[in-house]
Amino acid sequence: MTNILDTAQRPAKPATVPTAPIAPITPLAPTNATTDGTGNTNHFNHREKQWILYDVGNSAFVLLSTAVIPIYANSLLKAAGESNIVSTWGYMQTIASLIIALLMPVLGSIADVQGMKIRFFIGFFGTGVLACCAMALPLGWIAFLAVCMLATIGLNGSLTFYDSMLIDTTTNDRMDQVSSHGYGWGYVGSTIPFIACIALIFAGPSASGWSTTACTRASFVITALWWTAFTIPLISGYHQTHYRETADYMHDAVRGTFAELGHTFREISRNKPLWMFMIAFFFYIDAVNTIISMSTSYGTQLGIDSTQLVLALLVTQFVAFPCAIAYGRLAKRFGCKPMIMAAVIAYLGIVCFAAFFLRSATEFWILAILVGMFQGGIQALSRSYYGKIIPKSHANEYYGFYDIFGKTASILGTFIVAATTSITDNPSLGVLSIGLLLAVALVFLILQRDPATASETAA
C-alpha cells in the first residue's frame, strides 16, 4: 500500500487568481529505474522505496485491527454484559467508513492544489497514530470503540492521499509492479511488530508480571511507534509532481473546490469505462474489506479459539506477500483487468466456503490461506488500474471519488453482515449475502471495455 516519486516542473506564479477548472501541469517522468532489456525493472528508485515503506508501517495497524483489537474489544463487551461482537464491530466500522466517504472528495479536491496533499496526509496519519496510542488507556467498551473508530478514520484517510501519491511516484508502466510490491512488503513487514505484540501478550504475563490486558495495551503503543518509523521516509522525501495550479491563499483553493468536484463528477459520468469500473469496484471491494475487517469477529462468534484466529491471520500475511508480488507480474503478462476478474471469481468461492463450511479452526486456517492468495493482488491492481485511467493532475480528487466507492462499499458490506446477524442470529447468512455483491461486480467487469490502452493518452 505504498509508493512515491520525483521532482516536478514548477509553474510560474500566476498574476491573477485562476478559475476552475484549471489546466493541468505536466510533470517530469522519473528515469532512475533500470531495466533488464525485457521491460522488467531490476530495482526500485529511492522514492518508490519510500512510498512502499508506508505500506510496511500502516499495515501493522491493519493487522492488529484484524486480529487483536476485535478480541480485546470482545473482552470489554463481555465485561460490560454485552455479547454480539459481530454486529457491534460492524456498526463501528460502518460509521468510520461513512465519515471517510463524506470527507474525502472535498479534502481530496483541495489536496490536488500544489503542496496540500502531504499536509492532509500528515494530518490523518498523525490522528491515526495518536488514537492508536490512546487505545492503550484504560477505557470502557464504548470509549474504546470511539477511539478505535478515530484511529480507523486516521488510517483510511491517510491511505486515500497515499494511494494518490502513486501517480507522483512512478510511471504508468510501473504502477502495477510498484503497487503490488507495496501490498506485498506491507503484508510481510507488518508481521514483525505483530509477532512482537503477540509474544508480549502471550508470554508477557509470566515473564514480566504484567497482566494480559496490560500487555495487550502495550501492543497498541508498539504498533503506533512502528507505523511512525516507516512513515518518516515518505514524509521527508515526497514531492507532488501532479497538481492544480492555484493562488497562494487557501481560501482561493477552497472556493474553487466545489466547482472542481462538479466538473470531475461530470467527467466521470461521461467516461463509460471509468464509471463502469468504479461500480464494479464498489461491489467487489465490499467483499474484500468486509472479510478483512470482520473475519476475526466472525471466527470469535463461532467460538474458535483466539490463539488459532491470530496464528491463522499471521499465516495470511506470509501467503499474501509472494502472491501480491506475483499478481503484479501476472498483470504485466495477462493484463490488469483479467487478473482483477480472476480474483473476484476466487472471492466468490471464498465467501461460499466461509458461509457453508467454516465451523472450526481448521476451516478458518483454510479460509485465511485462500484470502491471503488474492487479497493483496486485487487491492494492489485496483489501485494501479485506477491510477492509469484517470487524469494525473486531478488524481487526489479522483481518488476521493474512488474512496467514496470503496468506503461506501464498506458501509454496505459491514452493515449487511451486522444487520443480518442481528436479525437472524446467524452470522453465516450475513457472510453469504456478500456473494451477491461479488456477482454484480463480475457482471460490470465483463461488460466494461478495458481502457488500458487509452490510459496512456489520458496520463
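The numbering scheme is per chain: residues are counted from 1 as the chain's sequence reads. Per-residue local features of the predicted model are confined to residues with pLDDT of at least 70, and side-chain atom pairs are confined, for both listing and counting, to 80 or more; whole-chain, interface and lining totals are unaffected and use all residues. Excluded from the side-chain calculations are hydrogens and water; all other atoms, namely the structure's heavy atoms, are used.

1. Quick look at the overall build of the protein chain
Here is step 1 of the chain: Put simply, DSSP H or I for four residues or longer makes a helix, DSSP E for two residues or longer makes a strand, and each gets a number counted from the N terminus. When helices and strands are tallied, the protein chain shows 18 helices and 0 strands.
Here is step 2 of the chain: A burial count over the protein chain gives 57% of its 459 residues as buried.
Here is step 3 of the chain: Contacts were defined at the residue level, with two residues in contact if any of their heavy atoms lie within 4.5 Å. For the protein chain, restricting intrachain contacts to residue pairs at least 6 apart in sequence, the fraction spanning at least 24 positions comes to 85%.
Here is step 4 of the chain: Accessible area of the protein chain: about 17,500 Å², with a carbon and sulfur share of 67%. Exposure categories follow from relative accessible area, calculated using a 1.4 Å probe and restricted to protein chains: below 20% of the type maximum is buried, above 50% is exposed, and the middle band is partly exposed. Method for areas: the Shrake-Rupley scheme with a 1.4 Å probe, in which residue coverage is limited to the protein chains shown.

2. Details of the packing of helix H1 (residues 46-67) against helix H12 (residues 306-334)
Helices that pack against each other are described as a pair by the angle of their axes relative to one another and the distance between those axes.
Here is step 1 of the chain: Axis separation between H1 and H12 bottoms out at 10 Å; the angle between their running directions is 150°. Between H1 and H12, the angle is such that the two are roughly antiparallel. The handedness of the crossing between H1 and H12 is right-handed. Residue-level inspection shows Leu63, Thr66 and Ala67 of H1 in contact with H12, the latter providing Val310, Leu313 and Gln317.
Here is step 2 of the chain: Residues belonging to the contact of H1 with H12 are distributed by class as follows: 4 nonpolar, 2 polar and no charged. Where helices are involved, their axes are fitted lines through C-alpha atoms of the stretch in contact, as for all axes, and angles between N-to-C directions lie from 0 to 180°. Convention used here: angles under 35 degrees read as roughly parallel, angles over 145 as roughly antiparallel, angles from 65 to 115 as roughly perpendicular, and any remaining angle as oblique. By definition, any crossing whose near helix is turned counterclockwise from its far helix by less than a right angle is left-handed, and any crossing with a clockwise turn is right-handed. When residues are sorted by character, Ala, Val, Leu, Ile, Met, Phe, Trp, Tyr, Cys and Pro go into the nonpolar class, Asp, Glu, Lys and Arg into the charged class, and all the rest, Gly among them, into the polar class.

3. Some remarks on the packing of aromatic side chains
Two numbers describe a pair of aromatic rings. These are the distance of the centres and the angle of the planes.
Here is step 1 of the chain: Each Phe, Tyr or Trp ring (for Trp, its six-membered ring) is paired with any other whose centre lies within 6.5 Å, and the angle between the two planes then decides the class: stacked below 30 degrees, edge-to-face above 60, tilted in between. Applying the stated rule across the entire model yields 20 aromatic pairs.
Here is step 2 of the chain: Judged by centre distance (6.4 Å) and plane angle (35°), the rings of tyrosine 183 and tyrosine 187 are tilted. Of this pair, tyrosine 183 and tyrosine 187 both sit in helix H7 (residues 172-208), 4 residues apart, which is roughly one turn of that helix. As far as burial versus exposure is concerned, tyrosine 183 and tyrosine 187 are alike and both buried.
Here is step 3 of the chain: Both rings, one in phenylalanine 281 and one in tyrosine 284, keep their centres 5.6 Å apart while their planes meet at 90°; by these two values the pair is edge-to-face. Pair noted here: phenylalanine 281 and tyrosine 284 are both in helix H11 (residues 272-301), with a separation of 3 residues, about one helical turn. You'll find phenylalanine 281 and tyrosine 284 in the same group, each marked buried.
Here is step 4 of the chain: Feature note: the residues Trp51, Tyr54, Phe61, Phe121, Phe125, Tyr162 and Trp227 constitute an aromatic cluster, connected by ring pairs.

4. As for the side chain of glutamine 50
Here is step 1 of the chain: Tracing the backbone through its elements, the reader meets glutamine 50 in helix H1.
Here is step 2 of the chain: Within the structure, glutamine 50 has its side chain in polar contact with the backbone oxygen of proline 233 (distance 3.3 Å). In the analysis that follows, any N or O atom pair within 3.5 Å is treated as a polar contact, provided that within protein one partner can donate a hydrogen and the other can accept it, and provided that, for residues neighboring in sequence, both atoms belong to side chains.

5. Things to note about the pattern of salt bridges
Here is step 1 of the chain: Throughout this description, the term salt bridge denotes a Lys or Arg side-chain nitrogen within 4 Å of a carboxyl oxygen of Asp or Glu. Within this structure, the stated rule accounts for 5 salt bridges.
Here is step 2 of the chain: The closest approach of N and O atoms between arginine 174 and glutamate 48, which form a salt bridge, is 2.4 Å. Residue arginine 174 is found in helix H7, and its partner glutamate 48 is found in helix H1; the two are separated by 126 residues along the sequence.
Here is step 3 of the chain: For arginine 174, a relative accessible area of 7% corresponds to the buried category.
Here is step 4 of the chain: The buried category is assigned to glutamate 48, whose relative accessible area is 0%.
Here is step 5 of the chain: The partner of arginine 383 in a salt bridge is aspartate 163, with the nearest N and O atoms 3.0 Å apart. Taken as a pair, arginine 383 in helix H14 (residues 361-388) and aspartate 163 in helix H5 (residues 141-164) lie far apart in primary sequence, 220 residues in all. Each member of the pair, arginine 383 as well as aspartate 163, carries the same accessibility label: buried.
Here is step 6 of the chain: Each of the salt bridges in this network shares a partner with another, and the network as a whole consists of Asp55, Asp163 and Arg383.

6. Overview of H1
Here is step 1 of the chain: A helix is expected to span 1.5 Å multiplied by its residue count minus one. In this model, H1 (22 residues) spans 32 Å end to end at C-alpha, consistent with the 32 Å of a helix rising 1.5 Å per residue.
Here is step 2 of the chain: Most of H1 sits out of view: 18 of its 22 residues are buried.
Here is step 3 of the chain: Residue asparagine 45 occupies the N-cap position of H1, its side-chain oxygen lying 3.1 Å from the main-chain nitrogen of arginine 47.

7. What about a nonpolar patch on the surface?
Here is step 1 of the chain: A patch consists of residues exposed above 30% relative accessible area that lack any salt bridge, with like charges linked at up to 9 Å and nonpolar side chains (Val, Leu, Ile, Met, Phe, Trp, Tyr) linked at up to 5 Å. Together, Phe356, Phe357, Leu429 and Leu432 line one region of the surface with nonpolar side chains, adding up to about 390 Å² of accessible area.
Here is step 2 of the chain: Position of phenylalanine 356 among the secondary structure elements: in helix H13 (residues 336-356).

8. Here's the deal with the side chain of threonine 191
Here is step 1 of the chain: Structurally, the position occupied by threonine 191 is in helix H7.
Here is step 2 of the chain: What makes threonine 191 buried here is its relative accessible area of 3%.
Here is step 3 of the chain: Not counting the four nearest positions on each side in its chain, threonine 191 is found in contact with Leu63, Leu314, Gln317 and Phe318.

9. Quick look at H14
Here is step 1 of the chain: Its 28 residues give H14 an end-to-end C-alpha distance of 41 Å, which sits within 8% of 40 Å, the value for a rise of 1.5 Å per residue.
Here is step 2 of the chain: To get the bend at any residue, fit one axis to the seven residues that end at it and another to the seven that begin at it, then take the angle between the two axes. At glycine 372, H14 shows its largest kink, close to 30°.
Here is step 3 of the chain: Where burial is concerned, most of H14 is hidden: 20 out of the 28 residues are buried.

10. Observations concerning the environment of proline 391
Here is step 1 of the chain: Examined against the element boundaries, proline 391 turns out to sit in the loop between H14 and helix H15 (395-424).
Here is step 2 of the chain: Proline 391 sits 224 residues away from isoleucine 167 along the chain, and the two C-alpha atoms are 9.8 Å apart.

11. Details of the environment of valine 315
Here is step 1 of the chain: Relative to the elements of secondary structure, valine 315 occurs in helix H12.
Here is step 2 of the chain: Exposure remark for valine 315: the relative accessible area of 26% places this residue in the partly exposed category.
Here is step 3 of the chain: For the pair formed by valine 315 and valine 188, sequence separation is 127 residues and the distance between their alpha carbons is 9.7 Å.
Here is step 4 of the chain: Aside from chain neighbours lying at most four places away, what touches valine 315 is Trp365 and Ile369.

12. Quick look at the confidence of the model for the protein chain
Here is step 1 of the chain: Within a predicted model, pLDDT stands for the predictor's per-residue confidence, ranging from 0 to 100. Averaged over every residue, the pLDDT of the protein chain is 77; the share at 70 or more is 77%.
Here is step 2 of the chain: Summarising per-element confidence for the protein chain, the mean pLDDT is lowest in helix H18 (residues 455-458) (42) and highest in helix H8 (residues 212-229) (94).
Here is step 3 of the chain: In the predicted structure, residues 1-42 sits below a pLDDT of 50 and forms 119 contacts with residues beyond four places in sequence or in another chain.

13. Things to note about the environment of methionine 276
Here is step 1 of the chain: Structurally, methionine 276 is set in helix H11.
Here is step 2 of the chain: In this structure methionine 276 touches Phe444, Leu447 and Gln448, once residues within four positions along its chain are discounted.

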